[in-house]
Structure formats: C-alpha cells, structure tokens
Amino acid sequence: MLDAKIPSGPLHEKWTKYKGSCKLVNPANKRKLEVIVVGTGLAGASAAASLGELGYKVKAFCFQDSPRRAHSIAAQGGINAAKNYQNDGDSVYRLFYDTIKGGDYRAREANVHRLAEVSTNIIDQCVAQGVPFAREYGGLLSNRSFGGTQVQRTFYAAGQTGQQLLIGAYQALERQVALGNVEMFTRHEMLDVVMIDGKARGIIARDLVNGSLERHFGHAVLLCSGGYGNVFYLSTNAMGSNVTAAWKAHKKGAAFSNPCFTQIHPTCIPVSGEHQSKLTLMSESLRNDGRIWVPKKQGDDRKATDIPEEERDYYLERRYPAFGNLVPRDVASRAAKERCDAGHGVGSSKQAVYLDYADAIQRYGKAEANKRNLKNLSAEAITRLGKDIVKEKYGNLFDMYEKITGENPYEVPMRIYPAVHYTMGGLWVDYELQTTVPGLYALGEANFSDHGANRLGASALMQGLADGYFVIPYTIGNYLADEIRTNSISTNHEAFVKAEQEVNDRIKKLMSIQGKQTVESMHKRLGKIMWDKCGMARNEQGLKQAIQEIRDLKKEFWSDIRIPGKIDEFNPELDKANRVADFIELGELMCLDALTRNESCGGHFREEYQTEEGEALRNDSDYMYVSSWEYKNDSEWQLHKEELLYDVVKPSQRSYK
C-alpha cells in the first residue's frame, strides 16, 4: 500500500535526478487541466500562485474571509535556510542532519534532504517578493538561533515573520487571481472529496455565508489545510483551525500517519483560568536571548526580582550545557513540566517558569555603548540602551505579552509554560506529496513528511513554502501528464451527486439532534481527555481510558448536541459542530497510535519508556517506521508501516548536552 517513490541514487542527487526525469506537461495542455487547492496559508497560497503562474486552471478555497487571515500569520520567530551567511559552519547537510536528529530519527531521509536543499531558494524568492527580512548594519540579511541547532540559520522579520511571508505569497496569489489563472473561493469549507474511478476528482464545499453546498471538479486536489492541534481545545492555533479537510480525505482512503506526534511548544503564556478558548504563543525566538529559570527552593513565593542569582536554577543550561536554552521544543517542554511537577513552578498556578531578559538587556546595552564609544555610562543608561535594542528585535512580542498579562517584560521576567502548538502527523504522502489516493496531495502541516516526532522551530514556514513554491510544481506534473486526455467531468456525475447527498445527510442529522449540550462544551471535554492522557506524557493505562472516554463522548455528541440556527444560513455553530465531530474521531485514532507505539520519541513521551535521566527512550529495532492508518469503519483502523531506512544518518540516542 505504501510506495514512497523515493528516487534511486545518492541522497544529495535524488531531487536533482527526479526533476531531470519526471514527466512534463506542455503549456497548452496545462491550460486544460484544473487543480483544486484547499487552504490558502503559506503552503496553499504558494502552491496556487505557482500553479497559476505555470498555466494550470486553479480553484483555491479558504474558510476565512481572505487568504491573509490564514493561521500562517501567527508564526512569529522565523524561517530556516542553509545560507551560512554567518559563516558559522552551516550547510545543506547540517540543516538536513539537525532536522532528522530533532525529529528523533522518525522522518524520511529523502524528503528532509530535499527540504534542506530548496531552503536557500525560498529566501531568494521571498526577498524578490519584497518580504522585509531583518538586516545587519551592512545590509545583509540577519540570522538568529533557534532550538536544536548550534548555528544561526533563522531568517526573520521582527516577531511577525509568518505574516510577512504570507503577504508575499498572498500578493503572488492575487496576481494570478487578477490574471484569471486562479479562481478564489473565500468563506468556503471543504466537506468531502469526490472519488471517480479510484482517483480524487473534486470536492464538495459549503458556502459558509449562505449554507449552500457546491460541487467542484479538479483533475487533482491539493490539501493545504494545516494541522490538527485544536483537538486539544486549548492550543496556540487559531480558533478556526481544524482537521476536517484531511479527515474527510482519510475516510475516503487516504492513510493518516503518525497522528500521535504532537508538538508541545515550551514558550507559551500559561493558562489563566477556565474562561480561555485558546493559548498565546511567545515566539521561540525569545529563547535566543532569554534565559529560562525557576527558584531552587520549592514553593518559593517571592517576586522574581527578589530572588538572588545564586538561588535561581537555570535548569536548561544546567542539564544541557551544549545547547542550553536552545534545546529542541520537546526537550524544553518536558524539562519545564518536570520542574513544575517537582514543586518549583512559579505564578499563582505554579504551572509556569520564568523567561528572563535581564542579562540580554545588559549585554546589548554594553555592546551598544561600546559601538557609540560612550564611556562611564550609568547602569540606568546601559539598561536603557539595552531595552532599545531588545525592543527593536522583539518589541511586538513584548507588547503582546504586556497586553495579555499586564506585566512589563522589560522589567520583570515573563512567565511561560508548554502548550500544544504543531502536529507532525498528518496524511501520509510519498516523495511527490501524493497521498495513498491518486490525484490527492497534501502539503505543509497537513502531511506528515518532514519533521518526524518533533519539529525544529522555524521549520514550519520552510516546509510550507518549499512544498508550494518548489516541490509541487514538479511533482504534480508527473501525475497530470497522464491526465491530459481526461476532459473536465461534469459535476452532475453520479459521484458528485452522491458525495453531496452524503454531506447533506450528515448536516441534517447534526441539526436534527436538538439535545441539551453545546458544541463548545463537548470540544472542551475532548480537549481535557486529550491533554490529560495523550498530552506531554502518555502511559498505557491512561491511553486505554482515553479511548473509551472518547467513544463514550462520541455517542453523547451524536445524541445530545444542540445546534441553534438553520442549515441554509450563516451558522458558525454548525460549522464548529462539523469540525468537532471530526476531532472526536481523530482523538480516538491519536490515542490508538500512541498506545501501539511502545517507545518514547520526540513529542511522543510514553512514561514507561524513558532513560534514568528522564529522557525519551527510543526503540529503533521495533518502531523505526511511519505508522500509517487506513480507515476501515467506525472506530476501526488497519495499521500499515513504512519502514524508515537511514543510508546517510546513523540513528543514535539524542543528546543536547
């Protein structure tokens, strides 16, 4: 079932060889071929723009009112690329190796190496589009460090890199819309994939403004719909982010891979109460200069500024001296949890640690004073200079923290705690980004392919743009070259009629329940089950309990949910109900996947499998594979395994010490 289609030959030659030998579609034939792109974040916008530029007829769909509102705008810290501008030893191989190691040796070598190769092209592309990357004094692009690396390879635009990159992709997309090569459908949500003769041939979409269902044909369908972190209810994802597009594809035959691989981001504003519906991410870039610590004394209630240096535990620097505060996210998250569980947490909830910028402010202040040749400055003057530099680099993040918490992070340390952020799992794809359904592709966070069991910071933007700008334009041609004799299929075809009827029946069923419970309350209950039993730590007993609790919740959902309003109108509660129903089914599969993987790796931490020092303990002899689940029936899946073969990298116990 799983043919990864990895080209033969040496690893560093595979992508070049593929591009030189794949099938091509001539310009005249491209104008006859229709491609559907679902989602217009970085992966979707870049793919739609690129395919439109090539001459394909593209239909792009997003459930937001504009592609500019895609969740990609929330990515703050930066985008990785192996440019080696700092001359600090970076290379394509180093980026490839760091990514494989950061993912705890659970990613596919060929895909990751290709990602590292095209990373350099992404920066050139974005600079040409006018993305305002930060620059050094001499005008060269600036870089900063991120977790899991010992080089500076992260390009950034203050603390709003995702937004600036998305504007670049959006402008490229809108150019194609203006030229007529791309037709844009905003406020539309994909609710099913249409299959004809075993191939994806279109989608059923719901107009979220008037509630009507629409049929759309495509010779190929690209899913660029992001990740499923909102299965936990509280996450850093936008409230609308969901799994529905990928889940509908899964139920039509697309294998879902590594669903239990969830990334917990260590640098988030802690939960403040039951009223919250989402969490706020403080960019990993803050760990570039900030120092993380807790009081050495358990239950210490003193203000952070009243705790002297010798009574502070800079635990990441202590435990991981080689990487310090820049260990990968899964390592930093577990370390924070361990300190809080041991009684060293801070804040009213005691579920937080400090992220302190005092040292950075002094360091930058002294450097700026030297640069200006200012002698004998007072401590206050040096601090003022340092704050100005920090503000220039991270100002919008500091402002955001102060607005949310009411505390000035220039004066007192931030309080942070891990939260659900990114999902490494997703639809299984081969080297061409095609799922197990012919003609159906998955790009960006919607697929599983590049990050293994843990994504390194600043690699999400890299993957999304790599897939959209530089990979899919080649690989989709290899499929569509054989489709040039396939004429556009009428949406009156029986497959479209049947798919629309199934979607309509499901919506009517949801609306007819008229129970007592709200969608929000059901989602919140699912999130608590997932966080408590399939979150930062998992164990066999908890996972088995979670599976049963989710099955019970599913029965309750389909018998006691209440959705106000009507079908044929603007009804966000109905939209949400559709998404939560899919989250409930996904949650069960995530717990099943976690239960069958009897090892710890990356973000998947089974408490039964850890080293004496509390680190993740992999089992390469039994679990060095991609778990790919085929949907069979309600609560029934079949596991398929893609064995991971490492020709260049030799897997070893991860160490950041």
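Everything in this summary refers to the structure shown in the same document.

Conventions used here
- Residues numbered from 1 in each chain as written.
- Predicted model: local features only at pLDDT ≥ 70, side-chain atom pairs only at ≥ 80, totals over all residues.
- Heavy atoms only, no water.
- Helix = DSSP H or I, 4+ residues; strand = E, 2+ residues; numbered from the N terminus.
- Rg over C-alpha atoms; globule rule 2.2 N^0.38 Å.
- Buried < 20%, exposed > 50% of the residue type's maximum accessible area, 1.4 Å probe, protein only.
- Areas by Shrake-Rupley, 256 points an atom, 1.4 Å probe, with all protein chains shown as cover.
- Lys, Arg positive; Asp, Glu negative; His and termini not counted.
- Charge placed at Lys NZ, Arg CZ, Asp CG, Glu CD.
- Pairing = 2+ DSSP bridges.
- Axes fitted to C-alpha atoms, helices over the stretch in contact; angles between N-to-C directions.
- Contact = heavy atoms within 4.5 Å.
- Parallel < 35°, antiparallel > 145°, perpendicular 65-115°, else oblique.
- Nonpolar A, V, L, I, M, F, W, Y, C, P; charged D, E, K, R; others polar.
- Phe/Tyr/Trp six-rings, centres within 6.5 Å; stacked < 30°, edge-to-face > 60°.
- Lys NZ or Arg CZ within 6 Å of the ring centre and 35° of its normal.
- Core = buried A, V, L, I, M, F, W, Y, C linked by side-chain atoms within 4.5 Å.
- Expected span 1.5 Å × (residues − 1).
- Polar contact = N/O pair within 3.5 Å; in protein donor to acceptor, adjacent residues only side chain to side chain.
- Salt bridge = Lys/Arg side-chain N within 4 Å of Asp/Glu carboxyl O.

Counting its secondary structure elements, the chain contains 17 helices and 19 strands. Computed over C-alpha atoms, the radius of gyration of the chain comes to 24 Å, within 12% of the 26 Å expected from 2.2 N^0.38 for 657 residues, which places it in the range of a compact globule. Counting across all 657 residues of the chain, residues that qualify as buried make up 61%. Of the roughly 24,900 Å² that the chain leaves accessible, carbon and sulfur atoms contribute 48%. Averaging the coordinates of the 84 positive side-chain charges in the chain and doing the same for the 84 negative ones gives two points 2 Å apart.

The next point concerns the sheet that holds strand β17 (residues 440-442). Spatial ordering of the open sheet is given by β5-β2-β1-β9-β17, a layout of five strands whose pairing is parallel. Each edge of the open sheet is held by one strand with a lone partner, namely β5 (182-185) and β17. Neighbour to neighbour, the strand axes of the sheet diverge by 20 degrees on average, direction disregarded. In the sheet, strand β9 (residues 220-223) pairs with β17 via three bridges, with the strands oriented parallel. Among the inter-strand pairings, L222 is bridged to a residue of β17, identified as Y441. Contacting β1 (34-38), β2 (57-61), β5 and β9, helix α3 (residues 42-54) crosses the sheet at an angle of about 165 degrees to β2.

Helix α5 (residues 109-129) packs onto helix α1 (residues 14-21) with a crossing angle of 85 degrees between their chain directions and a minimal axis gap of 9 Å. The pairing of α1 with α5 is recorded here as roughly perpendicular in orientation. Where α1 approaches α5, its residues K14, W15 and T16 are matched on the opposing element by A110, R114, E117 and V118. Grouping the amino acids of the contact of α1 with α5 by side-chain chemistry returns three nonpolar, one polar and three charged.

Glancing now at the packing of aromatic side chains. This model, assessed by the stated rule, comprises 24 aromatic pairs. On the basis of an interplanar angle of 15 degrees and a centroid distance of 6.3 Å, the ring pair of Y93 and Y97 is categorised as stacked. With Y93 and Y97 both in helix α4 (residues 92-102), this residue pair falls four residues apart, about one helical turn. You can call Y97 partly exposed: its relative accessible area is 26%. When the ring of F557 is compared with that of W558, the centres are 5.7 Å apart and the planes differ by 70 degrees; the resulting orientation is edge-to-face. Residue classification places F557 among the buried residues on the basis of a relative accessible area of 0%. Aromatic ring contacts, followed pair by pair, group Y228, W247, F256, Y631 and W637 into a single cluster. Here R114 stacks its cationic end above the ring of W15, 4.9 Å away from the centre of that ring. Over the ring of Y422 we find R455, and its NZ or CZ is 4.0 Å from the ring centre.

Here we come to the sheet that holds strand β13 (residues 312-313). Backbone-to-backbone hydrogen bonds join strands into a sheet, with any given pair of strands oriented parallel or antiparallel. On the basis of which strands lie adjacent, the open sheet formed by five strands has the order β11-β15-β14-β12-β13 and antiparallel pairing. Looking at the sheet topology across the chains shown, the edges are occupied by β11 (262-268) and β13. With three bridges connecting them, strand β12 (residues 291-295) and strand β14 (residues 353-356) associate as antiparallel partners. The residue bridging I292 from the neighbouring strand is L355, located in β14.

A general tendency of soluble globular proteins is for nonpolar side chains to be buried together. I79, L222 and F557 are the most contacted members of the largest nonpolar core, which has 184 residues in total. With twelve residues, helix α16 (residues 572-596) is the largest single contributor of residues to this core. Here F557 is in contact with L510, I513, M522, A577, V580, A581 and I584, once residues within four sequence places are set aside.

Spacing of three or four residues puts side chains on the same side of an α-helix, whose turn is 3.6 residues. The end-to-end C-alpha distance of α16, which contains 25 residues, comes to 36 Å, matching closely the 36 Å that a straight helix rising 1.5 Å per residue would cover. Counted residue by residue, α16 has 20 buried out of 25 residues, so it is predominantly covered.

What follows concerns the environment of S225. Note on placement: S225 falls in the loop between β9 and α7 (244-251). Once the C-alpha coordinates of S225 and E445 are considered, the two residues, 220 residues apart in sequence, prove to be 7.5 Å apart. Setting aside its immediate chain neighbours within four residues, S225 contacts V38, N242, A245, A246 and A446.

Mapped onto the secondary structure, E588 falls in helix α16. With a relative accessible area of 3%, E588 lands in the buried category. A distance of 3.0 Å separates the side chain of E588 from the side chain of S635, its partner in a polar contact. Beyond its immediate stretch of four places on either side in the chain, E588 contacts I547, I550, R551, S635 and W637.

For N87, the position within the fold is in the loop between β3 (79-80) and α4. For N87 and Q152, which are 65 residues apart along the polypeptide, the C-alpha to C-alpha distance reads 9.1 Å.

This next bit is on unusual backbone geometry. For K5, which is not glycine, the phi torsion reads 55 degrees and is therefore positive. On the secondary structure map, K5 appears in the segment before α1. You can call K5 partly exposed: its relative accessible area is 35%. Even without being a glycine, D197 presents a positive backbone phi close to 55 degrees.

Before going further, it helps to spend a moment on the side chain of R144. Residue position: R144 is located in the loop between α5 and β4 (154-155). Among buried charged residues, R144 stands out as having no salt bridge; its nearest opposite-charge side chain is D289, 6.8 Å away. Of the polar contacts made by the side chain of R144, one reaches the backbone oxygen of A158; its length is 2.8 Å. Once you skip the residues sitting within four places of it in the chain, R144 turns out to touch Q76, G77, Q152, R153, T154, Y156, A158, S285, N288, K393 and Y394.

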